2 protein chains.
Amino acid sequence: MEKNITSQTLLRLPMYFNYLMSLSSERKKGNISATAIAEALGLNDVQVRKDLASVSSGGRPKVGYAASELISDIGKFLGFENHDRVVVAGMGNFGRAMLEYNGFEAYGFDIVCGFDCNEKRVGSSINGKPVRHIDELESFCTENDIRIGIITVPETAAQEVCDRMAESGIRFILNFAAVHLNAPKGVTVHNENISLTLAMLARCNAN
Amino acid sequence: MEKNITSQTLLRLPMYFNYLMSLSSERKKGNISATAIAEALGLNDVQVRKDLASVSSGGRPKVGYAASELISDIGKFLGFENHDRVVVAGMGNFGRAMLEYNGFEAYGFDIVCGFDCNEKRVGSSINGKPVRHIDELESFCTENDIRIGIITVPETAAQEVCDRMAESGIRFILNFAAVHLNAPKGVTVHNENISLTLAMLARCNAN
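Residues numbered from 1 in each chain as written. Chains lettered and ligands numbered in written order. Predicted model: local features only at pLDDT ≥ 70, side-chain atom pairs only at ≥ 80, totals over all residues. Heavy atoms only, no water.

## Some words on the domain arrangement of chain A
Rules: Each domain span listed reflects an automatic or database assignment of domains.
In terms of domains, chain A is made up of domain 1 (7-77) and domain 2 (84-196). The distance between the C-alpha centroids of domain 1 of chain A and domain 2 of chain A comes to 32 Å.

Right, dumping it as structure tokens:
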């Protein structure tokens, strides 16, 4: 295995991981070749072979990789075998979808708690995860050493929640509110803009 | 205004648009300088000035741009003043959040209809948008000339819905199901992977 991975390889590794994770459980038990992965993803198979060899030593000629081993090797390389605990602020449809979604686990994330200011939602549980009052955000995050937060509150409340998360020790914030958030020092915010993704998809490919 | 825009400028334009759209309605009525935008987004102000000049002729020295005019100019350039109708398949929490979300309009997208196979959901309306049975997908999309679809169905149903959308004349699909979809010929699929976004955010910045 090589130690020096190019940034281009680093960008492709999650694609392989994602593709392999999407296989049926039966196919995950079998072998898969670099060629098959290349075909499924529309990539050059020489490139795929090289990328995979840089993170896994499990490839065998004419057999390929044990799919589960390859998933594990790529996952380890990308840190997906961590167990990072994540909180979600805002239990509207979007926030509830985050708590219900089980796909985070494969990437090493455990959504541990939701927060809301609506008393009707506080005290309930979604997909086995508790919903607490937003005023408990700071104490919960400090006590549980939470470093990652997802914001799904309305736009008007997003910056305040962002600031409170930062004060609670959270260092990485994924923001779904359609408003640009200013990250306090030491905190990285990714502003996810679904409208923009849709615009890039439909407009930049439309020729 | 220049006709030749570099791909780097093209990548930054949506950032400017997004930032301007996130301003309060009062600030949108006033002027804004390239320097202020550059500072807010952490970019080089010479670069921002150049980018903006390439799509808007409204900039004046020491005054800047009328914010609303600049929004309109960037929006026109990026095609955000279109009115593209969009359908959403899958009315779980994620799909309902899509119908409730009003931020799409600013980007020229009208979510016109949701689809589901659950009889309890069919016939209802969310945020004024009707929910129809998934079996009406083809006829609705054909009759209304729909070209854009969002998939928020469970993973096991996503490929079938993708195929049905393609057969209905949809050319662009934004997929939120955590499974890699194979796009039929002539159709562009963007597989949105929130776990991966979170992983890139929390792992690639963590040093």
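## A short note on the pattern of salt bridges
The line we're drawing: The salt bridge definition used is simple: a Lys or Arg side-chain nitrogen within 4 Å of an Asp or Glu carboxyl oxygen. Note on conventions: DSSP H or I runs of at least 4 residues are helices, E runs of at least 2 residues are strands, and numbering of each starts at the N terminus. Relative accessibility decides the category of a residue: with a 1.4 Å probe and only protein chains considered, values under 20% of the type maximum give buried, values over 50% give exposed, and everything between is partly exposed.
Tallied over the full model, the rule gives 14 salt bridges over all chains. Arginine 49 of chain A is the partner of aspartate 45 of chain A in a salt bridge, and the nearest nitrogen-oxygen pair spans 3.2 Å. On the criterion of helical spacing, the pair formed by aspartate 45 of chain A and arginine 49 of chain A is a turn pair, its members being four residues apart in helix α4 (residues 45-53). For aspartate 45 of chain A, a relative accessible area of 28% corresponds to the partly exposed category. Ionic pairing is found between glutamate 160 of chain B and arginine 164 of chain B, a salt bridge with its closest N-O pair at 3.6 Å. With a gap of four residues between them, glutamate 160 of chain B and arginine 164 of chain B both fall in helix α8 (residues 155-167), about one helical turn apart. You can call arginine 164 of chain B buried: its relative accessible area is 15%. Each member of the salt-bridge network shares a partner with another, and the members are Asp135, Glu138, Glu160 and Arg164 of chain A.

## Topic: the nonpolar core
Formally: Buried residues of nine kinds, namely Ala, Val, Leu, Ile, Met, Phe, Trp, Tyr and Cys, make up a nonpolar core once their side-chain atoms join them within 4.5 Å. Only heavy atoms enter the contact rule, under which two residues are in contact if any of them lie within 4.5 Å.
Formed by 90 residues in total, the largest nonpolar core has its most connected members in Ile37, Ile74 and Ile150 of chain A together with Ile37, Ile74 and Ile150 of chain B. For isoleucine 37 of chain B, the contacting residues outside a window of four places in its chain are Tyr16, Tyr19, Leu20, Ile32, Val48, Leu52 and Leu70 of chain B. Counting residues in each nonpolar core, the second largest holds 23 residues, with Val87, Ile146, Cys162 and Val179 of chain A among its members.

## Thoughts on the sheet that holds strand β3 (residues 84-89) of chain A
Residue and element names in this part refer to chain A. The test is simple: In this description, strands pair whenever DSSP reports at least two bridges between them. For helices, the axis comes from a line fit to the C-alpha atoms of the stretch in contact; other axes are also lines fit to C-alpha atoms, and the angle between any two N-to-C directions lies between 0 and 180 degrees.
Pairing is mixed across the open sheet formed by seven strands, whose spatial order is β5-β6-β4-β3-β7-β8-β9. Each having just a single partner strand, β5 (125-126) and β9 (188-191) make up the two edges of the open sheet. Sheet analysis places β3 next to strand β7 (residues 148-151), joined by four bridges and oriented parallel. Bridge pairing links valine 86 to isoleucine 148 in β7. Docked against the sheet, helix α8 (residues 155-167) engages β3, β7, β8 (172-175) and β9, running at close to 170 degrees with respect to β7.

## Overview of the UniProt feature "binding site: NAD(+)" (unreviewed entry) in chain A
Defined as follows: UniProt positions are given in the numbering used here, feature names are shortened, and annotations may be inferred rather than shown by experiment.
Mapped onto this structure's residue numbering, the UniProt feature "binding site: NAD(+)" (unreviewed entry) falls at Gly90, Met91, Gly92, Asn93, Phe94 and Gly95 of chain A. For methionine 91 of chain A, the location among the structural elements is in the loop between β3 and α6 (93-100). Position of phenylalanine 94 of chain A among the secondary structure elements: in helix α6. Take phenylalanine 94 of chain A: its relative accessible area is 13%, and that puts it in the buried class. Setting aside its immediate chain neighbours within four residues, phenylalanine 94 of chain A contacts Thr152, Phe176 and Ile194 of chain A together with Phe94, Ala97 and Met98 of chain B.

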